[in-house]
Structure formats: C-alpha cells, structure tokens
Amino acid sequence: MARFGFFPIIFFLFLTVFVNGQEQKYYGDIDVSYFKGNIAKHNYDILHLITGHPEGLIISWNRKTDGSEDWHSLYNYPDYGVTFTYQNLKNEYLGENFGLYAHYNFYFLNRNLMWRIGQGLAYTTHPYDKEENYRNIAFGTQILSSTMMMLQYKKERIAGRWGGQAGLSLIHYSNANVKAPNTSVNSITVSVGLNYQLDAEPLERNLERMSNRLAERVRFNFVFRSGINESDIIDSGQYAFYVFSAYADKRINKKSAFQLGTDVFYSNFLKELIRYRSIAFPEDGLTGSEDYKRVGLFAGHELFINKLSVVTQFGYYVYYPYDFEGRTYLRAGLKRYFGDRIFGAITLKAHGAKAEAVELGIGIRI
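Rules used in this analysis
Residues numbered from 1 in each chain as written. Predicted model: local features only at pLDDT ≥ 70, side-chain atom pairs only at ≥ 80, totals over all residues. Heavy atoms only, no water. Helix = DSSP H or I, 4+ residues; strand = E, 2+ residues; numbered from the N terminus. Rg over C-alpha atoms; globule rule 2.2 N^0.38 Å. Contact = heavy atoms within 4.5 Å. Areas by Shrake-Rupley, 256 points an atom, 1.4 Å probe, with all protein chains shown as cover. Lys, Arg positive; Asp, Glu negative; His and termini not counted. Charge placed at Lys NZ, Arg CZ, Asp CG, Glu CD. Polar contact = N/O pair within 3.5 Å; in protein donor to acceptor, adjacent residues only side chain to side chain.

Engineer: Run through the overall build of the protein chain, naming residues and quoting values.
Structural biologist: Broken down by element type, the protein chain carries three helices and 16 strands. Scaling as 2.2 N^0.38, a compact globule of 366 residues should have a C-alpha radius of gyration of about 21 Å, and the protein chain matches this with 22 Å. Dimensions along the principal axes, computed over C-alpha positions, put the protein chain at roughly 70 × 55 × 30 Å. Put simply, of all contacts in the protein chain between residues at least 6 apart along the chain, 64% involve residues at least 24 apart. In the form shown here, the protein chain has an accessible surface area of approximately 16,900 Å², with 62% of it arising from carbon and sulfur atoms. Distance between charge centres in the protein chain, computed from 40 positive and 36 negative side chains, equals 6 Å.

Engineer: So what's going on with the side chain of Gln-87? Which residues, and what values?
Structural biologist: Tracing the backbone shows Gln-87 in strand 3 (residues 79–88). Looking at Gln-87, its side chain comes within polar contact range of the side chain of Tyr-173, at 2.6 Å. In this structure the side chain of Gln-87 is engaged in a polar contact, spanning 2.8 Å, whose partner is the side chain of Ser-187. Ignoring any residue separated from it by four or fewer positions in sequence, one finds Gln-87 in contact with Phe-35, Pro-54, Glu-55, Gly-56, Gly-95, Glu-96, Asn-97, Ile-171, Tyr-173 and Ser-187.

Below is the structure:
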C-alpha cells in the first residue's frame, strides 16, 4: 500500500497542468540543467547519510501562455509543463533518485528571472530495509513525494533557438510519514543549463492587462480528507486517518481568499501509539485509554491560479487530550476545481518541519 499511495497525487497534478490549455496551441521549449550541491543538515540523525556532493540532471518541457485567459496576465504569463530529474545522492545507503513532476514557471525582472515550482513523485533505488539497508532512515518507501524549486536567470534565443540558464535548485524527498522511517532529504544545489525553443518565431502575446478585481460573498466549504500514515516507530503499522473540515472563505480579488474554520481529526496511528507507549514506557503515566481524536481551529489563505489553487493554513488544537508534536499545526497543498463548487485537494499536514500525513480530499464550496 505504501509504495503506491502517492500515485493519485501525480495523476491529480498532471491533470491540473494539462487541462488548463488543451483548447489552444501554446508555444513551448525544452531545457536541460546539470546541478551539483549539498544535502542540508536539517536533522542530526542523517549526518551519516551526508558523504558527498549530490549531482544530477533536470530535464523539462514547458508550454508558454499567451494572454488568452485572465490568469495568464495576472501572473505575468507563466509556463507550465513536465520535469524529469535524475540525482545521484553520493551515499551508498541513499543511492539514486528519479523524479517526475508537474510544474509552473513564474517570471520576474523583464522575464529574465524564472522561479519554478514542481510537485511529483520520485523513485529511490535504495529505500530503507531492516536487514539490507537499515542505515537509510531517510526513505521508508521506494516511492516518495517530491517537491522541486528552481530560481534561475534564464535567457532565450541567444543563438538561434538556443538559450541558457543558471541559478539555484532545491529538491525535497519525503514519504510524509506514510511509512517509517522518514527523516527526508533536502538537496540544495547550483544548476546551469541550456534551453531550446520549439518554435521558429517568438510567441506574440495579448499584452492587455486584466483587472484583479472581484466581488464575491462569503462562501462555505466542507471537506473530507483521508489517507494512511505511521508513527515514527518502525513497523508500528500503517493506519487510515479521517479529517472532517468546515470553513468560511472570503475571496477579496481574482487571486486571493482568506479562510477561517475548524478540523476534526480521527488519527488511528495515534490510538496505536498511545497503546504502545502505555506499555513500553509506563513512566509516561499513560493508561492506554486516552482519546486519540483532536479538534483544531485554523486560519488560511488560498491563491487561485485558473482552476488550480494553492492553500496554506495555520491551526491550533482546542481539543488535545494526548500530547503529540505540539498544539499548533500547518497545512499546505493544492486544490483543483471541477466546476464552480466541487474540488479535489492534496495537502500536507505538518507540525513545524515534521510531516504527519499527506491528505487526499474532496470538498464542496457553496
């Protein structure tokens, strides 16, 4: 189950990227970058996994937007596309990773500065194994969730259709506690590469700037989220969780809405963790019958990009019978609207830098 639990995520992301523009032909390009850098020391437990300078390749296909839809000009005509990555982590326990992402490119400084954000899946050749690779505490599964970011100076058509780019890249790998262990890895690298325009002539855009104004009443949202996860205790078992959320949002313009609401969490891995600790650590004073449910209040923001939106929320547990990672929590992720009311969501719930779960959700906005 753990090895395949992330496939709905990549399907969701690629559906989001490619449904955006299938009715019109967009110009595009291909870029290839070589990168090399370091694994960040975000956790002292992974020091034995940092033995070299990871390097690899980033290969991307990009489609350009032309201003035919409002969101193109609102975001300064971004690109969207697909990225493939190869990375040698330069460590005998970590091995090599292969990644596939859906991405957006956003442009600044007269379109010379590009920021790419991508989300997808990665395959690792050396996951944790309690007998053959027990030192790899970073990757508890062979299929990982991965986030990629790039900040590059990009110049197109320097010589014919050829251009170049250089900058910084960050690649994050984690299974979001679907299965322990999961300390994760973050690679911070320098990248340099080439780009090639697939069309002989530059794209002529509709440069009319669209208004960001939008008047909309307060709307109410109801969301059901679920998935599987495991505590940090290896082989303690994977359990389903269920989250029921209700919140109000107020959209202040075409880009942004603010949110206020509540979550009710049914996290079955906590039930098992409470039972385990009551037996293994009697000095904690647990009886094993403590309630595993939690209730939180949250405030959030939603950034709309066509039918896609980026959600960030900050929450506080008002019902918190068992102490697990503190009373505050974060949620960040993506929503994809299907019509005016129904949406799907993929979010990461975390306590600070420590992930608790990837949540797959469906909801209605009325």
